[in-house]
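Residue-level structure breakdown
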Amino acid sequence: MSLAGNLGATPAAPPIAFTNCAVMAMAPAAESGHQPHAHARRREVVVNGKRVKTIDVHAHCCVPRAMALINHPLEAPGLLMDDTSTRIAAMDAQGIDVEALSINPYWYKVERDVAAELIRVQNETLVEFCAANPDRFVAFATAALQHPELAAEQVEHAVKRLGFRGVGVGGSVAGEELANPRFHPFWAKCEELGVLVFMHPLGTRELEGSGRLGGSGLLTNTIGNPLETTIALSHLIFEGTLDRFPGLKICAAHGGGFLPSYANRSDAVIRTFPNRVGPLPKKQPTAYLKDGQLFFDTIVFTPEALRHLIAESGPGQIMIGTDYPFPWTSTEIDLVLGTPGLSDDQRVAILGGTAAKLLGIK
Ligand SMILES: [Zn+2]
């Protein structure tokens, strides 16, 4: 998707300065090793004269040794972490200091014993990825949600023994809604441990058989992914999951899908069809976007879209996402710097401050 058509919306002179720092360019070739993608410049983001540690909460990777347990294929070579020079070069060019790595769930139909082993291998390997470059990577743990009690144990182990501060989930679990009471033990554990949950859609497979998402435009992804996020968040609100676990913190990918663009319809249905809503959520549905339980990444493409997302949720609910290695965007820093109406402190929070707090990054 081209960003070129959106540039007109960018203010001519955002009131923020940033610099490109030639730190890496100073390193002699011999010291920078034999990396085929050795890069020259690391963009260092500065707001009001102060260096900001930028954190990307939406960055994908994979663990081949875990995938091999169920013969799951590699979806994109860029997901691999065996040679991170290309990834780090992209981060440096984009001004991303830290990636919070996640893995899109592919294991939600796997039986319990295999799922336990797969998650063990996967989480332990994620720890190794991060330990190899502790300044550049943290990770969301993985969990086998199809076995909710096991998933709760996996999160507890990941946090208490392996040092994770977040966990990733899909937008549904093998066709079941995250709001299904079956998953309450998992949410209870996430709340108890205070981990950030990164929710990434797996698409709306239910619509694919009908062919409605076929044809041109990769609609299974283009609208199927944000649609699943919209459905998942709406159920978490209307089914009372967010009321039951008030300490839960969920970051929804792709700016929360379509929900923040049309959230007031969810308030309106309570007035319009009161006999079709109930038991009522404790708050107006739009309030859940603002009250500290829901967070959203910045993958909404234009300053106007990000301005609106912030208007619906609040600057404290937004964190950078890049979707690396999938090239949906490479300009999230400029997006945040170019979004109108933000104070310096709010920009710093979006660029990395909020993620640092939630993920325990110094
Ligand atoms: Zn993604």
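Residues numbered from 1 in each chain as written. Predicted model: local features only at pLDDT ≥ 70, side-chain atom pairs only at ≥ 80, totals over all residues.

**Quick notes on the pairing of strand β5 (residues 55–60)**
- The buried fraction of β5 amounts to 6 of the 6 residues, a majority that puts the element mostly inside the structure.
- Strand direction decides the pairing type here: β5 and strand β6 (residues 98–102), joined by 4 bridges, are parallel. Its bridge partner lying in β6, Ile-55 is registered against Val-98. (Buried ≥ 20, exposed ≤ 12 C-beta atoms within 10 Å, placed from the backbone. Helix = DSSP H or I, 4+ residues; strand = E, 2+ residues; numbered from the N terminus. Pairing = 2+ DSSP bridges.)

**Some remarks on the packing of helix α4 (residues 148–160) against helix α5 (residues 184–193)**
- It is at 8 Å that the axes of α4 and α5 come closest, and there the two elements cross at 20°. Taken together, the axes of α4 and α5 lie roughly parallel to each other. In the crossing of α4 with α5, the sense of the turn from one axis to the other is right-handed. Where α4 approaches α5, its residues Pro-148, Glu-149, Ala-151, Ala-152, Val-155, Glu-156 and Val-159 are matched on the opposing element by Pro-185, Phe-186, Lys-189, Cys-190 and Leu-193.
- A class-by-class count of the residues in the contact of α4 with α5 yields 9 nonpolar, no polar and 3 charged. (Axes fitted to C-alpha atoms, helices over the stretch in contact; angles between N-to-C directions. Parallel < 35°, antiparallel > 145°, perpendicular 65-115°, else oblique. Left-handed = near helix turned anticlockwise from the far one by under 90°. Contact = placed C-beta atoms within 7 Å. Nonpolar A, V, L, I, M, F, W, Y, C, P; charged D, E, K, R; others polar.)

**Thoughts on the sheet that holds strand β12 (residues 318–319)**
- Strand order in this open sheet of 5 strands is β8-β9-β10-β11-β12, and the pairing throughout is parallel. Across the chains shown, the open sheet's two edge strands, defined by having one partner strand only, are β8 (166–170) and β12.
- By the bridge criterion, 4 bridges tie strand β9 (residues 196–200) to strand β10 (residues 249–252) in an arrangement that is parallel. The residue bridging Val-197 from the neighbouring strand is Ile-250, located in β10.

**Some points on α5**
- Listing the buried residues of α5 in full gives Phe-186, Trp-187, Lys-189 and Cys-190. End-on, the buried residues of α5 take up no more than an arc of 160°, which puts them together on one face.
- Against α4, β8, β9 and α9 (241–244) lie the buried residues of α5.
- With its phi angle positive at about 70°, Gly-194 sits one or two positions after the end of α5. (Arc of directions from axis to C-beta.)

**Details of the environment of Asp-323**
- Mapped onto the elements, Asp-323 comes out in the loop between β12 and α12 (332–338).
- For Asp-323 and Ala-253, which are 70 residues apart along the polypeptide, the C-alpha to C-alpha distance reads 9.0 Å.

**Quick notes on helix α2 (residues 85–94)**
- The set of residues buried in α2 consists of Arg-87, Ile-88, Ala-90, Met-91, Asp-92 and Gln-94.
- Turning to α2, the residues buried within the fold contact β2 (42–44), β6 and α12.
- Gly-95 occupies a position one or two residues after α2 and carries a positive phi of about 85°.

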